[in-house]
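# Coordinate inspection notes
Letter by letter, the chains look like this.
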Amino acid sequence: MNTTNNSNSLREALPLYIHLSNECIYDVDDPNDPTATRTVESHEGFIASLLKIEMFVADVLATNEPAFKLVATQVGRPTLRRRRLAEYFAKVYSFSLLDTTGYQLSEHVQLFFDCWVAAGMTQGDLVSPRGYSSKLGQEPYEVFNDFLALIRSQSKTPAFIKRVNRRKEKSIRNCKSGCDYIDALFEFRSSRMLVLRIDFGYRKEFAQQVTAKEAKEDLAHFLRNRRGNRELFGGWVGHIWKLEWSPVKGCHFHLIFFFRGAERWKDVFIAQQLGIYWEKVTDDRGVYWNCNAAKGRYKRLGIGMLEYHDVEKIAVLKNDVLGYLVKTDQCLKARRLGDGDCFGRGE
């Protein structure tokens, strides 16, 4: 395994992780609910902490340099030189406090926690680089350097490499499937499409009771009903879905819907009507978030009306909108979702 290349690949994927964190702003909470802001901020903070750990591990694997190096000076008294990784010295203890109960973590985040436990580090080891540590005969900077070395050595084990490759292959497979699907929709179904991004979830009083199986059944019910509701679903050509779970929101879906642009053009209104219909299908247990109504919050826009020849917007649709759906599992996956499919598309 080429450690540098693997680390660079991880760093290249981080913008999508950051997009995941930003996407939490547009989750399924009711924007009129005064508690919603706190809920979103809490979940966003959790995701942001995971991103920081991902970045830390990526930086560690990108170099073989220690964080600190004791260098002799002309005066004769050794001086401790700080390298780039020294910036993490005061941060890693806070990383270790993150409660990840209920989640299956990405390989790199899990690697951090495994090595943290194996290193047996304490908060006192991370107060100052010089002085006493919990390790006999070592100063704190040496303990921290050993921690970095442990992360690097464990990243080279066959078991770790196999897990990373397996997850990467799954993400690549899902991404290719989604991109091929989008290309086929533009080529064979419509040269101009109205693209909607909607989140479907459940009200707080029901969120923790709904299982992944029940959520999928509700979505299947919603999709089946489109054949008998031409007024709402007229011009529908396809969809892509991703099921996720969080401690506050429970099971929820991130969806992309496609309509023929020649037949439908009011994206915000249609997305709203689909959300209201989701509430009806779930017997008023459901809630939704209309991302098209918040298009102004996106730095790059890949939803709304898209033309076949608009290469730039279609690239955003694939890289940012679809990319978010297929890449989230690289950050974490809720154990409560089980081993079943959490990503799917129309035919």
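On a predicted model such as this, the values are computed, not experimentally measured, just so you know.

A separate point is the overall build of the protein. Within the protein, the secondary structure is distributed over 11 helices and 10 strands. Counting only residues that meet the buried cut, the protein has 51% of its 347 residues in that class. Sequence separation of 24 or more characterises 72% of the internal contacts of the protein that already satisfy a separation of 6 or more. Summing over all exposed atoms, the protein offers an accessible surface of approximately 17000 Å²; the carbon and sulfur share of this is 51%.

A word on the pairing of strand β4 (residues 192-202). Counting buried residues in β4 gives 10 out of 11 residues, a clear majority hidden from the surface. The pairing of β4 with strand β8 (residues 304-307) spans 4 bridges and is classified as antiparallel. Bridge pairing in β8 places Arg192 opposite Glu307. The pairing of β4 with strand β6 (residues 250-260) spans 8 bridges and is classified as antiparallel. Of the residues in β6, the one forming a bridge with Phe200 is Phe253. Relative to strand β7 (residues 286-290), β4 is paired through 5 bridges, and the arrangement is antiparallel. Considered in β7, the bridge of Gly201 is made with Val287.

Mapped onto the fold, Thr282 is located in the loop between α10 (267-281) and β7. Only 2.9 Å separates the side chain of Thr282 from the backbone oxygen of Trp278, close enough to count as a polar contact. For Thr282, the side chain forms a polar contact with the main-chain nitrogen of Gly286, separated by 2.9 Å. Those residues in contact with Thr282, other than ones at most four positions away along the chain, are Tyr202 and Asp218.

Phi is positive for Asp283, close to 55°, though the residue is something other than glycine. Inspection of the secondary structure puts Asp283 in the loop between α10 and β7. Assessed through its relative accessible area of 64%, Asp283 is described here as exposed. Positive phi outside glycine occurs at Asp284, with the angle close to 65°. Secondary-structure assignment places Asp284 in the loop between α10 and β7.

Attention shifts here to the confidence of the model for the protein. Predicted confidence across the protein gives a mean pLDDT of 84, with 83% of residues reaching 70 or more. Across the protein, the element-wise mean pLDDT spans from 44 in helix α1 (residues 3-23) up to 97 in helix α5 (residues 140-154). Across residues 9-41, confidence stays below pLDDT 50; counting only partners more than four residues off in sequence or on other chains, it has 75 contacts.

With 11 of 11 residues buried, strand β5 (residues 236-246) is to be regarded as a mostly interior element. As defined by bridge partners, β5 adjoins β6 across 10 bridges and the pair is classed as antiparallel. Looking at the pairing, Ile240 lines up with Ile256 of β6. The hairpin turn running from β5 into β6, its antiparallel successor, is 3 residues long.

Another point: the side chain of Ser133. Checked against the element boundaries, Ser133 lands in the loop between α4 (107-119) and α5. Reaching out from Ser133, the side chain makes a polar contact with the backbone nitrogen of Lys135 at a distance of 3.1 Å. Polar contacts involving the side chain of Ser133 include one to the main-chain carbonyl oxygen of Gln138, which spans 2.7 Å. Not counting the four nearest positions on each side in its chain, Ser133 is found in contact with Asp125, Gln138, Glu139, Pro140 and Val143.

Next up on the list: the packing of helix α8 (residues 212-224) against α10. Look at α8 against α10: their axes get within 10 Å of each other, and the N-to-C directions meet at 120°. The angle between the axes of α8 and α10 places the two elements in the oblique class. For the element pair α8 and α10, the recorded crossing hand is right-handed. Where α8 abuts α10, its residues Asp218, Leu219, His221 and Phe222 lie against Leu274, Tyr277, Trp278 and Val281.

Pairs of aromatic rings are described using the distance from one ring centre to the other and the angle between the two planes. Going through the model one piece at a time under the given rule, you end up with 31 aromatic pairs. Geometrically, the ring pair formed by Phe89 and Phe144 is edge-to-face, given 5.5 Å between the ring centres and 80° between the ring planes. Here the residue Phe89 occupies a position in the loop between β2 (79-82) and α3 (92-96), and Phe144 occupies one in helix α5, the gap between them amounting to 55 residues. Both residues of the pair, Phe89 and Phe144, count as buried. Seen in terms of ring centroids, Trp116 and Phe147 are 5.9 Å apart; in terms of plane orientation they differ by 85°. Their pairing is edge-to-face. A residue pair is termed long-range when its members are at least 10 positions apart, and Trp116 in helix α4 and Phe147 in helix α5 qualify at 31 residues. Side by side, Trp116 and Phe147 carry an identical accessibility label, which is buried. Ring pairing ties together the aromatic residues Phe56, Phe68, Tyr88, Phe89, Tyr93, Phe95, Phe112, Phe113, Trp116, Tyr141, Phe144 and Phe147, which thus form one cluster. Seen from the ring of Tyr88, Lys91 lies directly overhead, with NZ or CZ sitting 5.6 Å from the centre.

What counts as what
Residues numbered from 1 in each chain as written. Predicted model: local features only at pLDDT ≥ 70, side-chain atom pairs only at ≥ 80, totals over all residues. Heavy atoms only, no water. Helix = DSSP H or I, 4+ residues; strand = E, 2+ residues; numbered from the N terminus. Buried < 20%, exposed > 50% of the residue type's maximum accessible area, 1.4 Å probe, protein only. Contact = heavy atoms within 4.5 Å. Areas by Shrake-Rupley, 256 points an atom, 1.4 Å probe, with all protein chains shown as cover. Pairing = 2+ DSSP bridges. Polar contact = N/O pair within 3.5 Å; in protein donor to acceptor, adjacent residues only side chain to side chain. pLDDT = per-residue confidence, 0-100. Axes fitted to C-alpha atoms, helices over the stretch in contact; angles between N-to-C directions. Parallel < 35°, antiparallel > 145°, perpendicular 65-115°, else oblique. Left-handed = near helix turned anticlockwise from the far one by under 90°. Phe/Tyr/Trp six-rings, centres within 6.5 Å; stacked < 30°, edge-to-face > 60°. Lys NZ or Arg CZ within 6 Å of the ring centre and 35° of its normal.

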